[in-house]
Amino acid sequence: MAAMSFEEWLPAPGHARGSHLIDFVEALLVRCEDLAEGRDWAQVAVDARGVLDAIRSAVAAEAPGIAVFDFASEFVHAHLTTVGAAFDGVDPLVAAVACARAVDDIWGDDLASEWAELLASRGDRIEPGDIVLSAGSDHITDLYSPGRAFSAPRFRAADGAARTRRAGIYRPQQGVPSVVVDRSLSRVLAPLLATGDGRARPWVAGVPNTSSAEWDFDRAPIRPRDRVRHLDAAERVVTDAFALDAAVVVLPEFSGYVDVIDRLRQARPQRPTLVVAGSGHESTGKTLRNVASTWIARPDGTIPPDQPIRTLKRVPYDGALGTEPLTEVASTITVQISGPWRMAIGICRDLCDPAITDALAQLGVNLLVVPACSPKTTNLARGAEAVAVDAGGFALVANGPPTFEQPNRPPAKVATAIWCTPLDRTEPRLMASTDTAGVVIVDLNGHRLIPNPWP
């Protein structure tokens, strides 16, 4: 590639969508993508390691002090141009990558905390080509006492020209729906998960039913055969979780239709608890949806107060239990943002779509909660682990019931809880079953699952 001066390739502040420094970094990363097209970045990086380090050091040496990142693009652009005068003639790709990483070196942690506010100015949507700033390991510190090591996620700065320690450009696969940011839990989710000086509170995967024979899978909407018994069992799961002081409780798919949700929203814990009350079929006229309901239960009520957060299933079930005739599916991916946490809810087969799990990883989703109802758990576990390892997050799947009755086959025993973490030097995936109705307790500090079947 022909030699160029910094001013010839460095994006001008006016080329960014706004004057916030994150806008400028976004434009700079897109420029890195353009300059890297058709080139082997891995080899370029090896050959130019010394120059990369030299530019990053020079940029950091006399970096301007910035108190407010709005309107900061001009100052940073001027600084990069001044420093770049000593490196004119360097491969523009090398220079662009070095500058992007240098800006992250200096201001990346502060910019990551500003990113959520920038999204608000963009209508709380993330489109292909938009910048995404990761939470790093802040959520690990939030959940555990300091000192727990964090395994390296898939998206690392060294692996791509258009990535830095904190930032990357969102490039989902074709067909992935648009991304919406929801702030319903922004003030309450992070404090709920934070442990301070104490041990992490347990998480719980609930199992209100013992066998698939307790359900009528032959027609939609799918319902338990004994609704009163199921309602009482679902309530018992949540009551048990609250008694355990659980921070999170999740029920399986098809557990949470409207009557169950109405009952469970009356339950009150001693401390705030995130409740993902499974999912249930919702039938209105000729419309059939599979909807998961989520809220935070508190001693004095629920958040949101009026109705739960609703998440539609995107990938209908089609397998040994029949075909799920959904007429309306999710048209967006919704990400809840609270402090360092980015939470997404999926329903069963949603977790088996590689394009979706790849998008979740790119979005930095570090809390994935999944109600499921599947006689096969390998793909569920693989999808949960992919998000946990690739995005550096936690994933909890509540699957049920533990026994699936299938024609002309012996009953299938399955895991009712799948727990995946990004912690270094630990098994990234744990699976367990209650074998009957009950709960599986996730002991975060002990890194173990504790089945607790009911008598």
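Along each chain, residues carry numbers from 1 onward, in the same order as the chain's sequence is written. In view of the model being predicted, local features appear only for residues whose pLDDT reaches at least 70, and side-chain atom pairs are presented and counted only at 80 or more, with totals across whole chains, interfaces and linings using the full set of residues. Water and hydrogen atoms play no part in the side-chain values, which are based on all heavy atoms of the structure.

Chemist: Looking at this model, I keep getting lost on helix α2 (residues 21-36). Mind explaining?
Modeler: Because an α-helix completes one turn every 3.6 residues, residues spaced three or four positions apart along the sequence face the same direction. Secondary structure follows DSSP: runs of H or I at least 4 residues long count as helices, runs of E at least 2 residues long count as strands, and numbering of each begins at the N terminus. What a helix should span is 1.5 Å times the count of its residues minus one. Taking 1.5 Å as the rise per residue, α2 with 16 residues should run 22 Å; its terminal C-alpha atoms sit 22 Å apart, in good agreement. Buried, partly exposed and exposed residues are distinguished by accessible area as a fraction of the type maximum, computed with a 1.4 Å probe on protein chains only: under 20%, between the cut-offs, and over 50%, respectively. Within α2, 12 of the 16 residues are buried, which leaves the element mostly enclosed by the surrounding structure. Of the positions making up α2, those classed as buried are Leu21, Ile22, Asp23, Phe24, Val25, Glu26, Ala27, Leu28, Leu29, Cys32, Leu35 and Ala36. Residues of α2 that are buried sit in contact with α1 (6-9), α5 (73-84), α6 (92-121), β2 (131-133) and β3 (167-169). With its phi angle positive at about 80°, Gly38 sits one or two positions after the end of α2. Contacts are residue-level and defined by heavy atoms, with any inter-residue pair within 4.5 Å sufficient.

Chemist: Sorry, what's going on with the sheet that holds strand β4 (residues 178-182) here?
Modeler: Sheets are built from strands paired through backbone hydrogen bonds, the pairs being either parallel or antiparallel. Strands pair, by our definition, only if DSSP identifies at least two bridges between them. Sheet architecture is open: eight strands sit in the order β1-β4-β15-β16-β17-β18-β21-β22, paired in mixed fashion. Strands with a single pairing partner mark the edges of an open sheet, and in this sheet they are β1 (125-126) and β22 (429-432). Bridge count between strand β17 (residues 367-372) and strand β18 (residues 394-399): six bridges; the pairing is parallel. Its bridge partner being in β18, Pro371 is matched across the sheet by Ala398.

Chemist: Sorry if this is basic, but what is going on with the environment of Val365 here?
Modeler: Relative to the helices and strands, Val365 resides in the loop between α11 (354-362) and β17. Residue class for Val365 comes out buried when judged on its relative accessible area of 0%. For the pair Val365 and Arg342, spaced 23 residues apart in sequence, the C-alpha separation works out to 4.9 Å. Ignoring anything within four residues of it in the chain, the contact list for Val365 reads Val335, Arg342, Met343, Ala344, Leu360, Val387 and Ala391.

Chemist: Is there a simple way to explain the state of the cysteines in this structure?
Modeler: Simply put, the disulfide is a covalent bond whose two ends are the sulfur atoms of two cysteines. We call a pair of cysteine sulfur atoms a disulfide whenever their separation is within 2.5 Å. Summed over the entire model, instances satisfying the criterion amount to zero disulfides. Free of any disulfide, Cys348 has its nearest neighbouring cysteine sulfur in Cys352, separated by 6.5 Å. The buried category is assigned to Cys348, whose relative accessible area is 1%. Looking at Cys352, the relative accessible area reads 29%, which means it is partly exposed.

Chemist: Can you walk me through the packing of helix α4 (residues 49-61) against α6 in this structure?
Modeler: What describes two packed helices is the angle between their axes and the distance between those same axes. Each axis is a line fitted through C-alpha atoms, taken for helices only over the stretch in contact, and angles between the N-to-C directions span 0 to 180 degrees. With their axes 8 Å apart at the nearest point, α4 and α6 run at an angle of 45° to one another. In terms of orientation, α4 and α6 fall into the oblique class. Remark: the crossing between α4 and α6 carries right-handed chirality. Every residue of α6 that contacts α4 at Val51, Leu52, Ile55, Arg56, Val59 and Ala60 is listed here: Val94, Ala95, Val97, Ala98, Cys99, Arg101, Ala102, Asp105 and Ile106. Residue composition of the contact of α4 with α6, grouped by class: 12 nonpolar, no polar and three charged. Geometric relationships in this document are graded by angle, where less than 35 degrees denotes roughly parallel, more than 145 denotes roughly antiparallel, 65 to 115 denotes roughly perpendicular, and other angles denote oblique. Crossing handedness is read from the near helix: turned anticlockwise from the far helix by less than a right angle, it gives a left-handed crossing, and turned clockwise, a right-handed one. Three classes are used, and their members are as follows: Ala, Val, Leu, Ile, Met, Phe, Trp, Tyr, Cys and Pro are nonpolar, Asp, Glu, Lys and Arg are charged, and the others, Gly among them, are polar.

Chemist: How should I be thinking about the nonpolar core in this particular structure?
Modeler: Considering soluble globular proteins, one finds that nonpolar side chains tend to be buried as a cluster. If you look at the biggest cluster of nonpolar residues, it comprises 118 residues, and the most contacted ones within it are Leu21 and Trp203. The leading source of residues in this core is α6, at 16 residues. Excluding residues within four positions of it along the chain, Leu21 makes contact with Ile66, Phe69, Ala72, Ser73, Val76, Val103, Trp107 and Leu111. Side-chain atoms within 4.5 Å link the members of a nonpolar core, which is a set of buried Ala, Val, Leu, Ile, Met, Phe, Trp, Tyr and Cys residues. Counting 24 residues, the second largest nonpolar core, distinct from the first, contains Phe242, Val260, Ala297 and Trp454.

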